[in-house]
Amino acid sequence: MKSYNGNTNVMDMFEKGKVLKICAPMVRYSKLAFRSLVRKYNCDICFTPMIVAADFMRSVKARDSEFTTNECDRPLIVQFAAHDAQTLADAACVVAPFSDGVDLNCGCPQRWAMSEGYGACLINKPELVKDMVRHVRNQVDNPNYTVSIKIRIHKDIKQTVDLCQKAESAGVSWITVHGRTTEERHQPVHYDAIKTVKDSVSVPVIANGDIKYLRDVESAHQLTGVDGRMTLQWTAVALFLYVEVGLLVILCLPFISAKRWRIIFQLRIWNFMARFWNKVFLTMIVILIVLFLDAVREVRKYSGRDLGTDAKLQPNMFDHLHMKLFRAQRNLYISGFAVFLWLVMKRVITLINQLASVSENTAALQTQADNANQAAKKYMDDNEQLKKALMEGKGDKATADGMELLRKEVEKLKGELKTTGDALKQSQSAADVMKKQTDGLAREYDRLLKEHQALQNLQDAGSKKDD
Ligand SMILES: Cc1cc2nc3c(=O)[nH]c(=O)nc-3n(C[C@H](O)[C@H](O)[C@H](O)COP(=O)(O)O)c2cc1C
């Protein structure tokens, strides 16, 4: 993380998506010894106490006593109180080689500070804040050096949003929001206001106030909706997408037949899950569509900005916006594909089921057609034998037996024909085949019946002669 000259790119730390633990500036406390101590307990970034920029620039003595640091004291943000853009920029240039960013105090509510135009009174002077941010941005050479502001909120949150957006347009790197108004001291922090600010700017926003334990960091993180939570949410969507792709690949494997899939789908576990299937399907669709729309909104938010101008104004800001745009686009793709594959998967499962039942019906029809063919063949053989017997002039008994046999066969065949006709209705494609067979058989019956009639006539004629 550390560059050759010891500088740390603080903006990279925000990009990592984890929740950063930052030790806020505290006059009299946040000195080198205190910073060294908190760094031993996983503090990610430290602030110096507020230093009055004008005093700092006035004498070497003030500089030496107000600002001490060492090599291990990084990443470090030096906080200044200032009401003049050039003084702040000068002070920033002095500390830039030994630190990673400067911060403008816009939150100190103390009367002495307010009366001198420092601290919280600056939240009502957005143009001045903008000017100071821009001066520092333009005069510090290091493009990775951050310039941030630490503010309190207004009673009317719109004013806070306006201040932050102005600072953002001037190239502020990140903003710390102490979620109390200038008048409030120990009242509960307005996390909703911090969230509003967070939602209205693209730069990282740090929630400040009422953080007493490590667990408070997580709850503040949850309440203000910062980036870490989004990362978890989109990781889940990406995982879901990979699962969908995996399942589709398995469903499309060529050596697993539709019949086999049907057996798998008919397992008891699926029957149990089928009860919730429709609800799960619809819930997933709704969730994914909401995420998709959220991603569309994000893409529109970041692609609407003039990235070209921002690049000249502030390289960090440019990279940051690009990163946000890239992430929004990635989220758009993964949620869009997840919805699409979810629908495709449902369709594929339905088609596999349909294919399995059609092949089962076709197999049954085939068996019935084979049986009918065999019966017809047998019937023809019997008929042939009967004919032979008649030709050979065998007695009435043989003829009568033959006739009886023939009648039974005809009855049996008729029954089979009826079953075949019913089955034919089930499948249109198989029906054509069966229709042909039925027609053939019907013709054959007619012919046989005619022959039968003719044989009977012959027999009657023979009987009369005998009489
Ligand atoms: C002793 C003390 C000194 C402080 N000094 C500064 C300071 O120099 N600059 C600043 O921006 N905030 C300063 N603060 C405010 C804190 O940085 C922080 O915003 C505040 O403590 C958060 O509210 P909390 O007390 O509910 O945690 C100071 C707070 C205390 C308690």
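Residues numbered from 1 in each chain as written. Predicted model: local features only at pLDDT ≥ 70, side-chain atom pairs only at ≥ 80, totals over all residues.

A. Fine view of the overall build of the chain. Scanning the chain for helices and strands turns up 17 helices and eight strands. Evaluated residue by residue, the chain yields a buried proportion of 29% over its 467 residues. Looking at the chain alone, contacts between residues at least 24 apart form 72% of all its contacts between residues at least 6 apart. (Helix = DSSP H or I, 4+ residues; strand = E, 2+ residues; numbered from the N terminus. Buried ≥ 20, exposed ≤ 12 C-beta atoms within 10 Å, placed from the backbone. Contact = placed C-beta atoms within 7 Å.)

B. Structural detail: the environment of Thr 68. Mapped onto the elements of the fold, Thr 68 is located in the loop between α4 (60–66) and β4 (76–81). On the basis of neighbour count, Thr 68 is assigned to the partly exposed category, with 14 C-beta atoms found within 10 Å. Separated by 20 residues in sequence, Thr 68 and Thr 48 place their C-alpha atoms 9.3 Å apart.

C. Up close: unusual backbone geometry. Residue Pro 75 follows Arg 74 across a cis peptide bond; omega there is -10 degrees. Along the chain, the position of Pro 75 falls in the loop between α4 and β4. Non-glycine residue Asp 210 carries a positive phi angle of around 60 degrees. Looking at the element boundaries, Asp 210 is found in the loop between β8 (205–208) and α10 (214–224). Its 16 C-beta neighbours within 10 Å are what place Asp 210 among the partly exposed residues.

D. Expanded view of the nonpolar core. In terms of nonpolar packing, the biggest core is built from 59 residues, with Phe 80, Leu 88 and Ile 175 touching the most fellow members. Those residues in contact with Phe 80 that sit more than four places away from it in its chain are Ile 51, Ala 53, Leu 88, Ala 91, Val 102, Leu 104 and Asn 105. (Core = buried A, V, L, I, M, F, W, Y, C linked by C-beta atoms within 7 Å.)

E. Geometry of the site of the ligand. Close to the ligand lie 17 residues, the nearest being Ala 24, Pro 25, Met 26, Val 27 and Met 50. In terms of residue class, the shell around the ligand is built from nine nonpolar, six polar and two charged. (Near = placed C-beta within 6 Å. Nonpolar A, V, L, I, M, F, W, Y, C, P; charged D, E, K, R; others polar.)

F. Broad picture of the packing of helix α8 (residues 157–170) against helix α9 (residues 191–200). It is at 10 Å that the axes of α8 and α9 come closest, and there the two elements cross at 40 degrees. Seen along the crossing, α8 lies across α9 with a hand that is right-handed. The segment α8 lies against α9, with Ile 157, Thr 160, Val 161, Cys 164 and Gln 165 engaging Ala 193, Thr 196, Val 197 and Ser 200. (Axes fitted to C-alpha atoms, helices over the stretch in contact; angles between N-to-C directions. Left-handed = near helix turned anticlockwise from the far one by under 90°.)

G. A look at α8. Taking 1.5 Å per residue as the helical rise, α8 with its 14 residues ought to reach 20 Å, and the 20 Å between its terminal C-alpha atoms agrees with that figure. Restricting attention to buried positions, one finds in α8 the residues Thr 160, Leu 163, Cys 164, Ala 167, Glu 168 and Ala 170. End-on, the buried residues of α8 take up no more than an arc of 160 degrees, which puts them together on one face. Buried residues along α8 sit in contact with α7 (126–139), β6 (146–152), β7 (174–178) and α9. At the C-terminal side of α8, Gly 171 shows a positive phi close to 105 degrees. (Expected span 1.5 Å × (residues − 1). Arc of directions from axis to C-beta.)

H. Quick peek at the pairing of β6. Burial runs high along β6: seven of the seven residues are buried. Both faces of β6 are covered, namely the face carrying Thr 146, Ser 148, Lys 150 and Arg 152 and the face carrying Val 147, Ile 149 and Ile 151. Alignment of strand β5 (residues 101–106) against β6, held across six bridges, turns out to be parallel. Pairing of Asn 105 across the sheet is with Lys 150, part of β6. Bridge analysis of β6 against β7 gives five bridges, and the strand direction is parallel. Opposite Ser 148, over in β7, you have Trp 174 as the bridge partner. In the classification by handedness, the crossover that spans β6, the intervening α8 and the parallel β7 is right-handed. (Pairing = 2+ DSSP bridges. Right-handed = clockwise from strand over helix to strand, strands pointing away.)

I. Structural detail: the pairing of β8. The alternating pattern of β8 places Val 205 and Ala 207 on one face and Ile 206 and Asn 208 on the opposite face, and all of these are buried. Direction of pairing for β7 relative to β8: parallel, over a ladder of four bridges. For Val 177, the partnering residue across the bridge sits in β8 and is Ala 207.

J. Focus on the environment of Leu 293. Position of Leu 293 relative to the elements: it lies in helix α13 (residues 268–303). Each C-alpha atom of the pair Leu 293 and Leu 332 lies 8.1 Å from the other, and the pair is 39 residues apart in sequence.

K. View of the packing of α7 against α8. Running from amino to carboxyl end, α7 crosses α8 at an angle of 25 degrees, the nearest separation of the two axes being 8 Å. The angle between the axes of α7 and α8 places the two elements in the roughly parallel class. Read as a crossing pair, α7 and α8 show a hand that is right-handed. Residues Pro 126, Val 129, Lys 130, Val 133 and Arg 134 of α7 lie in contact with α8, whose contacting residues are Asp 162, Leu 163, Lys 166, Ala 167 and Ala 170. (Parallel < 35°, antiparallel > 145°, perpendicular 65-115°, else oblique.)

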